[in-house]
Every structure is written in structure tokens, then in C-alpha cells.
Amino acid sequence: MIPYGRQEIGEHDVQAVLDILRSDWLTQGPAIERFEQGVARYCGVRHAVAVSSGTAALHLACLATGLQAGDSLWTSPNTFVASANCGRYCGAAVDFVDIDPGDWNLSPELLEAKLAQAALRGALPKVLVPVHFAGLSCDMARIGELARRYGISVIEDACHSSGAEHRGAKVGACAHSDMTVFSFHPVKLITTGEGGMVLTNREDLYRRLLRLRSHGITRDPGEMADPSHGPWYYQQVELGFNYRMTDIQAALGASQLERLDEFVARRNQLADRYDAALAGLPLQLPSRPRTAGERSACHLYVVKLDAEKTAKKRKLVFEALRAAGIQANVHYIPVHTQPYYRKLGFREGDFPNAERYYEGAITLPLYPRLTEKEQDFVVAALKDALR
Ligand SMILES: *Cc1c(COP(=O)(O)O)cnc(C)c1O
């Protein structure tokens, strides 16, 4: 079986984890800060807070904006359910902005129109979660400008795009957002097993995220409601969680970070090969930026069957790939069509671009260790299936 994605673990990673197991700290020790500072330096952002998963990172980022019942959060329907669920965790309503059929990211045009309508009704969202689908950044200058105009907090869901670049900066620099969230699940760009991170340039959000990660507890007398009793003293000043990352995970993450650029370069190289081999087939290929200062992390390589050029159905093509030993995948089933969201009032037809995209989408294998021979085999199997 050729999987659609898999982690890349080297001896350096194994040694980094073993070193922690023999050290004094297994959790919340020096490896956490080392990993946080490494990612912050890499992205060119002031603060980073490591947490137990990308989902936990999204939840804490939403809480840090003050999102609560009575508010609403908007995101893309073409994403993993966690991008929307984080709003529900805070008791907020969730709504979606349809995608652009060209690059499959949340459409800035549709966002602008929906915001103008919502402003008239006094129903603006408090939080917007743009998702950099498949590793390609959304147009953040445009989205950031709209968010400022309407006073909305922006949390970039960059779970697909560690190592990507946008307008000459690393995704994660938060030039046009309040916070950016990464995931370190094994299929993502670098891994800690499970893990995530929130990045921000804002000191106030950083302080809040640190507290929320650990039960809402502070040891800083400046944040306490009353004078400290002494050096042992701490106070719980709000309701937080145990969303901490272990030092074992952080050491793995810091070791992986050293190879992030190499991984992303290899993914781009393989994506170039797919682009060349699949040109001319009845497929829409991923949007790949060619300008300086733009780089997709190529987390996923998605092809969409072009319904006008082929009568082949996605299910048949998908099954043919699986029969050939290729574990293709589909990203994503539009979130609003999930039964949980249907129960909240969403219906098929609400976000037609995401639904049409879903009908034709297939994710092909792409990961650093995929060989060119394996890739040629995938291409041949796909060509066969389309014949
Ligand atoms: C993976 C992913 C998440 C969730 O990350 P976890 O670390 O698995 O909790 C959220 N959003 C997107 C777009 C993802 O791909």
C-alpha cells in the first residue's frame, strides 16, 4: 500500500526523544521553550505556545479572543471539522464562507459580500478562521483588511502550511492576523505524535494562552486577584484546561523543525512532477504559486475530476486507485453537510462551490519519502482509471 501521507522520522529525532527520557523533565520543562522559540524564530513571530494538539490550539485561540455564547465564528466549509468545532466549544454559533473554485481556499470576494450583508443585519462574526488548504496560504492581506474594517479577530488555521510562505513572510508571522495555529499530527508537515501551537505577536493574547493551557492558573503576582501568600502561591483566575505538550513531544518537534525546509522543498519537487505528469488529463490540478515570496507547503496534492471533460465518477477512480494498492484519500467532506452541522440548520446546497469541489476531489500520495518510482506508479494507475 502507498499511503497518502506519512511522517519522516530520522535517527536525529530518535536520539532527541531518548535524551529527554534520560533527563529530569518529561513535561513542561526546557524542551517546550526550546521548541516554542525555534518555531517563533523560524516564522518571524514574537510568541509561540505549544499545546497538546492542533484542535486544542484552535480552542485556546478562540477563547483568547473572548469568543463565547451569543457570538459567531466563520470558517471555510472545505476543512477538517476542528476548524469549526472550536467555535462550538466556546458556545458560539458557526457559519461558513464558500470557497473559490480556482484555489479551493475561502473566497475573499464571497467573504466581503457576506460581511457587508451581516453588517446590515448587525450579525457580524467575532472570529474568522481562514484555512490555508493543502498548504497554500489564503490571500491574507485582503482578508486582514476586511477583518480590520469590521473589527473581527482572525485566527489562521495553518495546520496544512507549516513552512509555507506568503508575501515574502513565513506563514505563522501573523502579519495580517491575531493568531496562527499549527498541528503536528503525523500526516502534517512536521510531527510531535500529537501536538499543536498557537503563534501571536500580541503580548496580551500570549499571556492569556499560557494561562488557559494550564487550568487558568497563574504564578505571576501581577495577574492575581489578591496579594501573593509567598513563593509557593498560585491562583486560578479563570477556567482553563490541561492542554500541555510533553517535553518528549517538544524535543521531537524541535528536531523535526530543523528539517522542515527540506521536507517542504521535497514536497514541492514531487508536486512539480505530478503537475508535469498529469497535465492534459481531464483534471483540475492544485493552484501553485510561482511568484517570489510565495511557497505552498504542499501538505496535500489534490486533483479534481473535471466534470465537463470526463464522465468518470470520482468513486470509480478512487476505487481503482485503492485496488492498485494506492491509499488515496478525499479532503474534505464539506463540514456543513456533517450530521452534527445539519442538526444546527445547515443543508446541502448552502455552499455549492465546496460541494461541487468535493464531488470530484481525490488526494494523491505525497510525503517526503515517496519515491519517484512510486509516484510514477500512482500516475500510471490514475491514467488507467481515467481511460
Ligand atoms: C489536522 C487539522 C486540524 C486538527 O489538528 P489536530 O492536531 O489533529 O488536532 C485542524 N485543522 C486542519 C485544517 C487540520 O488539517
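Our structure's up above, just so we're on the same page.
Residues numbered from 1 in each chain as written. Predicted model: local features only at pLDDT ≥ 70, side-chain atom pairs only at ≥ 80, totals over all residues. Heavy atoms only, no water.

Engineer: Give me the packing of aromatic side chains: which residues, what numbers.
Structural biologist: By the definition in use, this model includes twelve aromatic pairs. Residues Trp104 and Tyr357 carry aromatic rings whose centres are separated by 5.1 Å and whose planes lie at 45 degrees to one another, so their mutual orientation is tilted. Of this pair, Trp104 sits in the loop between strand E3 (93–96) and helix H5 (108–121) while Tyr357 sits in helix H12 (residues 352–360), placing them 253 residues apart in sequence. Comparing Trp104 with Tyr357 shows no difference in burial state: the two are buried. Centre to centre, the rings of Phe133 and Tyr357 are 6.0 Å apart; their planes meet at 85 degrees, and the pair counts as edge-to-face. Remark: Tyr357 occurs in helix H12 and Phe133 occurs in the loop between strand E4 (127–129) and helix H6 (140–150); sequence separation between them is 224 residues. As far as the burial class goes, Phe133 and Tyr357 line up, both buried. For the cation-ring pair, Lys114 lies above Trp74, with the distance from its terminal atom to the ring centre recorded as 5.3 Å. The ring of Tyr42 is capped by Lys170, whose NZ or CZ atom sits 4.4 Å from the centre of that ring. (Phe/Tyr/Trp six-rings, centres within 6.5 Å; stacked < 30°, edge-to-face > 60°. Helix = DSSP H or I, 4+ residues; strand = E, 2+ residues; numbered from the N terminus. Buried < 20%, exposed > 50% of the residue type's maximum accessible area, 1.4 Å probe, protein only. Lys NZ or Arg CZ within 6 Å of the ring centre and 35° of its normal.)

Engineer: Let's hear about the nonpolar core: which residues, and what values?
Structural biologist: Ranked by size, the top nonpolar core spans 35 residues in total, and within it Leu73, Phe96, Ile155, Met179 and Val181 carry the most contacts. Contributions of two or more residues to this core are made by strand E1 (47–51), helix H3 (54–64), helix H4 (82–89), E3, E4, strand E8 (179–183) and helix H7 (203–213). Top contributing element to this core by residue count: H3, with eight residues. In this structure, Val181 is in contact with Gly54, Ala57, Leu58, Ala61, Ile155, Glu156, Asp157, Ala158, Cys159, Met197 and Val198, ignoring residues within four places of it in sequence. Counting 30 residues, the second-largest nonpolar core is a separate cluster that includes Ala31, Phe182, Phe184 and Leu257. (Core = buried A, V, L, I, M, F, W, Y, C linked by side-chain atoms within 4.5 Å. Contact = heavy atoms within 4.5 Å.)

Engineer: So what's going on with a nonpolar patch on the surface? Which residues, and what values?
Structural biologist: A contiguous nonpolar patch, built from Ile9, Val14, Leu18, Leu21 and Leu26 and spanning about 380 Å² of accessible area, is present on the exposed surface. Among the structural elements, Val14 can be located in helix H1 (residues 11–21). Taking relative accessible area as the criterion, Val14 reaches 35% and is therefore assigned partly exposed. (Patch = residues over 30% accessible without salt bridge, like charges linked within 9 Å, V, L, I, M, F, W, Y side chains within 5 Å. Areas by Shrake-Rupley, 256 points an atom, 1.4 Å probe, with all protein chains shown as cover. Salt bridge = Lys/Arg side-chain N within 4 Å of Asp/Glu carboxyl O.)

None of the figures reported here should be taken as evidence of function without further support.
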